[in-house]
Amino acid sequence: MQEKDVNFTNQRVVNSHPIIQGVFLMTNITLIACVNQLGGMSNKGEALFQIPSDLKRFKEITDKQIVVMSRKMYEYIIAKNGSPLLNRLNVVITTDKSYKEQVDSDVIVYNSVEPILKQCINEVGRDDREVFVIGGEQIFKQFINYADRVELTVVDDTSTTFDKAFPMEQLNKFQVVNRIKSRPDETPPYEVVIYKRT
């Protein structure tokens, strides 16, 4: 059966077209994560850090946008919040072809990254919405070659144990364009580092 694409603008189903090979989609795709100085994101399914000001910033910049995540990330969000991320179009990537029946009706489920990349060319730029890839580890690895922007909240920490990490070694393809330090009274201290593709 031919895979279908979902038009992000109005969420109607449209026919698929051939998979894009080797195309760098340097428009409207941002990877966003909170990590320690070694790139660690989580351990045993739990985020290493939950910083209120960083969570507030995440909510503000992803508001009314498209958020792309793995199945495990989606289930983590449901467990924590009781619902998908509000006021955002939630897109889940999973190899489970029956997973659509297990999520809210307004959540889009894809079995690979290619339909999203094709939609980024065809639709996202037209309605001015950005795609924010929010994890986990494998999703970041699949998208980093197509992103033009990375936003990392880097916590001043190297000792916390982690088993999932952001692909920091791939950041040599980007340059730092901005750094925003946390307030002096915030604990743990952190810095938001914004990268753009060179």
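Below, the structure is looked at part by part. Bear in mind that the values here come from a model prediction, so they are computed numbers and not experimental data.

1. Description of the packing of aromatic side chains
- All told, the structure shown has 2 aromatic pairs when counted by the stated rule.
- Ring centres 6.4 Å apart and planes at 85 degrees place the aromatic pair Tyr-74 and Tyr-99 in the edge-to-face group. With Tyr-74 in helix α2 (residues 71-81) and Tyr-99 in the loop between β7 (89-93) and β8 (108-110), this pair connects stretches of sequence that are 25 residues apart. In this structure, Tyr-74 and Tyr-99 share a single accessibility class: buried.
- For the pair Phe-140 and Phe-166, a centre-to-centre distance of 4.9 Å together with 55 degrees between the ring planes defines the contact as tilted. Here Phe-140, found in helix α4 (residues 137-143), pairs with Phe-166, found in the loop between β11 (164-165) and β12 (174-181); they are 26 residues apart in sequence, far enough to count as distant. For the residue pair Phe-140 and Phe-166, the accessibility class agrees, reading buried in each case.

2. Topic: the side chain of Ser-182
- By the secondary structure assignment, Ser-182 is in the loop between β12 and β13 (190-197).
- In this view, Ser-182 contacts Pro-189 and Tyr-190; residues no more than four positions away in its chain are not counted.

3. Observations concerning the layout of surface pockets
- The space that makes up the largest pocket amounts to roughly 1400 Å³.
- Along its surface, the largest pocket is lined by 48 residues, and Met-73, Tyr-76, Ile-77, Ile-134 and Gly-135 are the ones closest to its centre.
- Looking at the lining of the largest pocket, the elements with two or more residues in it are β3 (29-36), β4 (40-43), β5 (46-47), α1 (52-62), α2, α4 and β10 (149-155).
- Within the lining of the largest pocket, the residues separate by chemical class into 20 nonpolar, 15 polar and 13 charged.

4. Examining the sheet that holds β13
- Sheet architecture is open: 8 strands sit in the order β8-β7-β6-β9-β3-β10-β13-β12, paired in mixed fashion. Looking at the sheet topology across the chains shown, the edges are occupied by β8 and β12. The mean angle between the axes of side-by-side strands here comes to 25 degrees, regardless of whether they run parallel or antiparallel.
- As defined by bridge partners, β3 adjoins strand β9 (residues 131-133) across 3 bridges and the pair is classed as parallel. Note on β9: the bridge partner recorded for Leu-31 is Val-133.
- Relative to β13, α1 is tilted by about 30 degrees, and along the sheet it contacts β3, β6 (66-70), β9, β10 and β13.

The rules behind each value
- Residues numbered from 1 in each chain as written.
- Predicted model: local features only at pLDDT ≥ 70, side-chain atom pairs only at ≥ 80, totals over all residues.
- Heavy atoms only, no water.
- Phe/Tyr/Trp six-rings, centres within 6.5 Å; stacked < 30°, edge-to-face > 60°.
- Helix = DSSP H or I, 4+ residues; strand = E, 2+ residues; numbered from the N terminus.
- Buried < 20%, exposed > 50% of the residue type's maximum accessible area, 1.4 Å probe, protein only.
- Contact = heavy atoms within 4.5 Å.
- 1 Å grid on protein atoms, 1.4 Å probe; cavity = no way out; pocket = protein on both sides within 12 Å on 5 of 7 lines; lining within 4 Å.
- Points joined across faces, edges and corners; volume = space filled by probe spheres on them.
- Nonpolar A, V, L, I, M, F, W, Y, C, P; charged D, E, K, R; others polar.
- Pairing = 2+ DSSP bridges.
- Axes fitted to C-alpha atoms, helices over the stretch in contact; angles between N-to-C directions.

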